[in-house]
Amino acid sequence: AETGYLNIIYAPKELCFVIVDPAVPGCSRSKYATALTAAVAYARMIGEAALPEESGGFKLHKSKRSKTGYRGVSYQSRVGPGGGRLLSKPWMATLYSDGKNNNLGRYPTAEQ
């Protein structure tokens, strides 16, 4: 299936996305829940910043310290005991204001 990302494919037997680039040894061993997380990992492997800077007319704040690539965005694919259930909206946005974290909601993609 077409993912829209360079060298990222969906592996239906494994229910995940993988990176396929013969120039990057061992990259296909990693499995990713979304095409975006695979694309971000691939961009970091090859040293490119492939994250969008804007979405829906809003500026997205990038972060080199965040695993997601964006400030205030975290990723949690499953919730619950024993591995839990797979979340349809695994991306969570938070905003730190007035000394506390405020949950802004869960979304299907990091950019949303």
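Residues numbered from 1 in each chain as written. Predicted model: local features only at pLDDT ≥ 70, side-chain atom pairs only at ≥ 80, totals over all residues. Heavy atoms only, no water.

Please explain unusual backbone geometry as it appears in this structure.
Backbone geometry follows two general trends: most residues other than glycine have a negative phi, and most peptide bonds adopt the trans configuration. Even without being a glycine, Leu-15 presents a positive backbone phi close to 55 degrees. Look at Leu-15 and you get exposed, because its relative accessible area is 65%. Its identity as a non-glycine residue notwithstanding, Asp-98 has a phi of 55 degrees, on the positive side. Within the secondary structure, Asp-98 is located in the loop between β8 (91-97) and β9 (100-107). Using a relative accessible area of 76% as the deciding quantity, one classes Asp-98 as exposed. (Buried < 20%, exposed > 50% of the residue type's maximum accessible area, 1.4 Å probe, protein only. Helix = DSSP H or I, 4+ residues; strand = E, 2+ residues; numbered from the N terminus.)

I tried to follow the pairing of strand β1 (residues 8-11) on my own but got confused; where do I start?
Successive residues of a regular strand alternate their side chains across the two faces of the sheet. With 4 bridges joining them, β1 and strand β2 (residues 16-19) adopt antiparallel strand pairing. Bridge pairing in β2 links Ile-8 to Ile-19. The antiparallel hairpin formed by β1 and β2 contains 4 residues in its connecting segment, where Leu-15 sits at a positive phi of about 55 degrees. (Pairing = 2+ DSSP bridges.)

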